[in-house]
Amino acid sequence: MSLRKILLLAAIAVHGAWASAAPACPTPGEVSHQHLYGVWRVEFEQGATASLRFEKHAAFAQSVSGEIQRGTARAQVAGDVDEGVFHLEESVDGTTIAATWTGQVVENSCGKEIKGTWNNQVDGTRRAFVLRKPPGWQ
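None of the values given here were measured: they were computed from a predicted structure.

Procedures and definitions
- Here the residue numbers are simple positions, counted from 1 along each chain's written sequence.
- Predicted model: local features are reported for residues with pLDDT of at least 70 only, side-chain atom pairs are reported and counted for 80 or more only, and whole-chain, interface and lining totals are derived from all residues.
- Excluded from the side-chain calculations are hydrogens and water; all other atoms, namely the structure's heavy atoms, are used.
- The numbering of helices and of strands both runs from the N terminus, where a helix is a DSSP run of H or I of at least 4 residues and a strand a run of E of at least 2.
- Relative accessible area decides the class of each residue, using a 1.4 Å probe on protein chains only: under 20% of the type maximum gives buried, over 50% gives exposed, and in between gives partly exposed.
- Note on contacts: a residue pair qualifies if any of its non-hydrogen atoms lie within 4.5 Å across the two residues.
- Only the protein chains shown count as cover for residues, and the accessible areas themselves come from Shrake-Rupley with a 1.4 Å probe.
- Two rings from Phe, Tyr or Trp (for Trp, the six-membered ring) form a pair when their centres are within 6.5 Å of each other. A pair whose planes differ by under 30 degrees is stacked, one over 60 is edge-to-face, and the rest are tilted.
- Take the buried Ala, Val, Leu, Ile, Met, Phe, Trp, Tyr and Cys residues and link them wherever side-chain atoms come within 4.5 Å; each set so joined is a nonpolar core.

Novice: Looking at this model, I keep getting lost on the overall build of the chain. Mind explaining?
Specialist: In terms of helices and strands, the chain carries two helices and eight strands. Secondary structure of the chain in N-to-C order comes out as α-α-β-β-β-β-β-β-β-β. For the chain, buried positions account for 33% of its 138 residues. In the chain, of all internal contacts separated by at least 6 residues, the share reaching a separation of at least 24 is 35%. In the form shown here, the chain has an accessible surface area of approximately 8700 Å², with 56% of it arising from carbon and sulfur atoms.

Quick look at the structure:
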């Protein structure tokens, strides 16, 4: 076998190994609670922003818990994602549900963008939201 063929085969083998090691981009239906872990930026309609932090839920294996921060105000959150559908409950006091979030993982976002509606359970206010995982988060 010639040196040229050997080098070509070696290059193909290295490229194939590198390509298989690259992280997969999950479809919305493949996104699980583990894809939610970390910090997310929230953008509400009318320009309001917040940050969400998700971690493994202590009591429910397939869920997340964490907190939302709007300026200096904080609230607890818990939820999940199932077949691309995102559900979250928000509580200011840790007992009463103050708001619910329902959304969809955005197609071709690799699980890093979710769009939906935030619903205030106290006064019925509804707002569209977009969750985005900042660059650098897996």
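After that view, the rundown keeps rolling.
Novice: Got a minute to help me understand the packing of aromatic side chains in this structure?
Specialist: The description of two aromatic rings rests on the distance between their centres and on the angle between their planes. Here the structure, examined in full by the defined rule, presents five aromatic pairs. A centroid spacing of 6.0 Å and a plane angle of 75° characterise the contact between Phe44 and Trp118, whose relative ring orientation is edge-to-face. In this pair, Phe44 is assigned in strand S1 (residues 38-44) and Trp118 in strand S7 (residues 113-120), connecting sequence segments 74 residues apart. Judged on exposure class, the residue Phe44 and its partner Trp118 are both buried. A centroid spacing of 6.3 Å and a plane angle of 70° characterise the contact between Phe54 and Phe86, whose relative ring orientation is edge-to-face. Taken as a pair, Phe54 in strand S2 (residues 49-56) and Phe86 in strand S5 (residues 85-91) lie far apart in primary sequence, 32 residues in all. Residue classification places Phe54 among the buried residues on the basis of a relative accessible area of 3%.

Novice: Help me understand the nonpolar core, please; the structure alone is not making it clear to me.
Specialist: A general tendency of soluble globular proteins is for nonpolar side chains to be buried together. Counting 22 residues, the largest nonpolar core has Leu52, Phe54, Phe86, Trp101, Phe129 and Leu131 as its most contacted members. Those elements giving two or more residues to this core turn out to be S1, S2, strand S3 (64-70), strand S4 (73-82), S5, strand S6 (99-105), S7 and strand S8 (126-132). Once residues within four sequence positions are removed from consideration, Phe129 is found in contact with Val42, Glu43, Phe44, Phe86, Trp101, Thr102, Gly103, Ile114, Lys115, Gly116, Thr117 and Trp118.

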